[in-house]
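Listed here are the chains, written in short residue letters.
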Amino acid sequence: MEFGKNFRSFRKENGYTQNEIAAKLGIAQSNVSDWENDVSRPEYENLIKLASVYGVTVGELLGVEK
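Please read all numbers here as calculations on a predicted model, not as lab measurements. (Residues numbered from 1 in each chain as written. Predicted model: local features only at pLDDT ≥ 70, side-chain atom pairs only at ≥ 80, totals over all residues. Heavy atoms only, no water.)

### Structural notes on the pattern of salt bridges
This is how it is decided: The salt bridge definition used is simple: a Lys or Arg side-chain nitrogen within 4 Å of an Asp or Glu carboxyl oxygen. In DSSP terms, a helix is any run of H or I states spanning at least four residues, a strand is any run of E spanning at least two, and both are numbered starting from the N terminus.
Under the criterion given, the structure shown has 3 salt bridges. With its nearest N and O atoms 2.5 Å apart, the salt bridge here joins Arg11 to Glu36. Here the residue Arg11 occupies a position in helix 1 (residues 3–13), and Glu36 occupies one in helix 3 (residues 29–36), the gap between them amounting to 25 residues. Several salt bridges share partner residues, and in doing so they unite Arg8, Arg11 and Glu36 into one network.

Structural data, given as structure tokens:
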């Protein structure tokens, strides 16, 4: 699966920059970039926060449920 593609899509649909998401999660912008480029994966806690920011479930964020 291309998790990074999902992360990027939700971010853009919600009108956020990588820097804005990083600030909301209290992480470096490079972490968000790495997730979106499938270099690394967010920790579970950040997946929950990210899903909350976008108003979706973790499953939707990961592309395993619609």
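The discussion continues.
### Quick word on the packing of aromatic side chains
Worth spelling out the cut-off: The pairing test for Phe, Tyr and Trp rings, Trp by its six-membered ring, is centres within 6.5 Å, and the orientation test on the planes gives stacked under 30 degrees, edge-to-face over 60, and tilted for anything in between. Burial classes: relative accessible area under 20% of the type maximum marks a residue as buried, over 50% as exposed, and values in between as partly exposed (1.4 Å probe, protein chains only).
This model, assessed by the stated rule, comprises 2 aromatic pairs. Ring geometry for Phe10 against Tyr54: centres 6.1 Å apart, planes inclined by 15°, an arrangement best described as stacked. Taken together, the residues Phe10 in helix 1 and Tyr54 in helix 4 (residues 44–54) connect sequence positions 44 residues apart. Since its relative accessible area comes to 16%, Phe10 is described here as buried.

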